[in-house]
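Here is what each chain is made of, one letter per residue.
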Amino acid sequence: MKRIGVLTSGGDSPGMNAAVRAVVRTGIYYGLEVYGIERGYKGLITGDVHLLGARSVSGIINQGGTIIYTARCKEFFEPEGRVKAAQTLKEHQIEGLVIIGGDGSYRGALALHAEHGIRCIGLPGTIDNDIGGTDYTIGYDTALNTAMEAIDRIRDTAQSHDRLFYVEVMGRHSGYLAMMSGIAGGAEDILVPETPTDIDQMIEHLRTGMKRGKRSAIIVVAEGDDAGNAYEIASKVAERSEFKDGRVTVIGHLQRGGRPSAFDRVLASRMGLRAVEALMEDETGKMVGISGNNIVLRPLSEAWECRTLFDPKFLRVAHILAT
Ligand code: ADP
């Protein structure tokens, strides 16, 4: 194998750049040429492919986002789109691909491999930490720290004004980030899509806290909670209780950006290196994961078949410590 490609696809996450750097530098270390494909599968279809040198990835380990851009690509869902993508790879004699993204990007990679025999290795890049086959995804730790810092800042003003705040954390289908940032930020309650939300029970919780001397409270809400988003929950609570003056803060895309944490940089570096070695070992259809601090290779399909959910024991920690 002489040439490999790297692309970032789907939602961006902090640490993707560190992963790109690791793939490029490891490839060069082993005497390979590494091509950066811009805007994920879109760039494969349009031929937006450029050779990356060791210096092309200088000074990016500390940057959020992705220097090779990311995108979602409708055309790649269709076999015709993947034919074009395979042609681009053939033209550039690229024999293996490292795909940094989420489970959607992995499904695309499996299709490309099945139909055109392109060797594909996935790296988990998402802030949600909901991908199976790995304990942690690249970007989760940074986003967790960003959300925690936001909660800390809200707590300052909540305490000063004796106020109730709802803080909405990203997570349409996964409450992992909300749960952990709520525990780290000392939230009074945490509402996540994985468990049914009972508004009346939450109100009772708040009342109990007030009886015990609390004067302010923070409720962390995952954006995809079954009872609604933070605004909807605030209005339901206001309708049904004396807590009429709750304020809402949506952290939103702030969680996607920023300098990656040390944890994410190290994780991305270790995973990027392993991805290139896996391609050189003729591996394909696998993702790189971390399990008990060991870097492991798992089938790509584990990403969705063994989806990571937060352990219900974390809910217990949150509830006991909120008393
Ligand atoms: P993520 O990788 O973060 O989960 P998406 O689910 O948006 O993000 O997927 C990113 C891209 O991967 C899609 O825009 C599409 O080009 C490709 N993709 C996703 N699912 C499939 C699929 N089932 N078949 C082919 N390509 C897919």
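Our structure is the block above this text.
Being a predicted model, the structure only gives us computed values, none of them experimental.

Some points on the pattern of salt bridges
Link 1 in the chain: For the coordinates displayed, the defined rule picks out 21 salt bridges.
Link 2 in the chain: Between D103 and R107 there is a salt bridge, with the nearest N and O atoms lying 4.0 Å from each other. Of this pair, D103 and R107 both sit in helix 4 (residues 103–116), separated by 4 residues, roughly a single helical turn.
Link 3 in the chain: In this structure, R240 engages D200 in a salt bridge whose closest nitrogen and oxygen atoms are separated by 3.3 Å. Note that R240 is positioned in helix 8 (residues 230–240) and D200 in helix 7 (residues 199–211), a separation of 40 residues in sequence.
Link 4 in the chain: Residue R240 is classed as partly exposed on the basis of its relative accessible area of 44%.
Link 5 in the chain: Taken together, the shared-partner salt bridges connect D103, R107, D130 and R307 into one network.

Some details on the site of the ligand
Link 1 in the chain: Residues in contact with the ligand amount to 15 residues; listed here are only the nearest, R72, C73, G102, G104 and S105.
Link 2 in the chain: Note that an oxygen atom of the ligand is positioned 2.7 Å from one of the side-chain N or O atoms of R72.
Link 3 in the chain: A distance of 2.9 Å separates an oxygen atom of the ligand from a polar atom in the backbone of G102.
Link 4 in the chain: Across the shell around the ligand, the residue classes tally to 4 nonpolar, 7 polar and 4 charged.

Structural notes on the pairing of strand 11 (residues 294–299)
Link 1 in the chain: Where strand 10 (residues 286–291) meets strand 11, 6 bridges bridge the pair, whose relative direction is antiparallel. Looking across to strand 11, one finds that V288 is bridged to L297.
Link 2 in the chain: Where strand 10 folds back onto strand 11 in an antiparallel hairpin, the turn is made up of 2 residues, including G292, whose phi is positive at roughly 55°.

The rules behind these values
All residue numbers refer to positions counted from 1 along the written sequence of the respective chain. Confidence filtering applies because this is a predicted model: local features only for residues at pLDDT of at least 70, side-chain atom pairs given and counted only at 80 or more, and all residues used for totals across whole chains, interfaces and linings. Just so you know, side-chain values use all the structure's heavy atoms and leave hydrogens and water out. Salt bridges are counted wherever a side-chain nitrogen of Lys or Arg sits within 4 Å of a carboxyl oxygen of Asp or Glu. The numbering of helices and of strands both runs from the N terminus, where a helix is a DSSP run of H or I of at least 4 residues and a strand a run of E of at least 2. Relative accessibility under 20% of the residue-type maximum defines a buried residue, over 50% an exposed one, and the middle range a partly exposed one, all with a 1.4 Å probe and only protein chains included. We call a residue near a molecule or strand as soon as one heavy atom of that residue lies within 4 Å of the molecule or strand. Here a polar contact is recorded for every N or O atom pair within 3.5 Å, except that within protein the pair must consist of a potential hydrogen donor and a potential acceptor, and residues adjacent in sequence are included only if both atoms are side-chain atoms. Three residue categories are used. Nonpolar comprises Ala, Val, Leu, Ile, Met, Phe, Trp, Tyr, Cys and Pro, charged comprises Asp, Glu, Lys and Arg, and polar comprises the others, including Gly. Pairing between two strands requires that DSSP report at least two bridges joining them.

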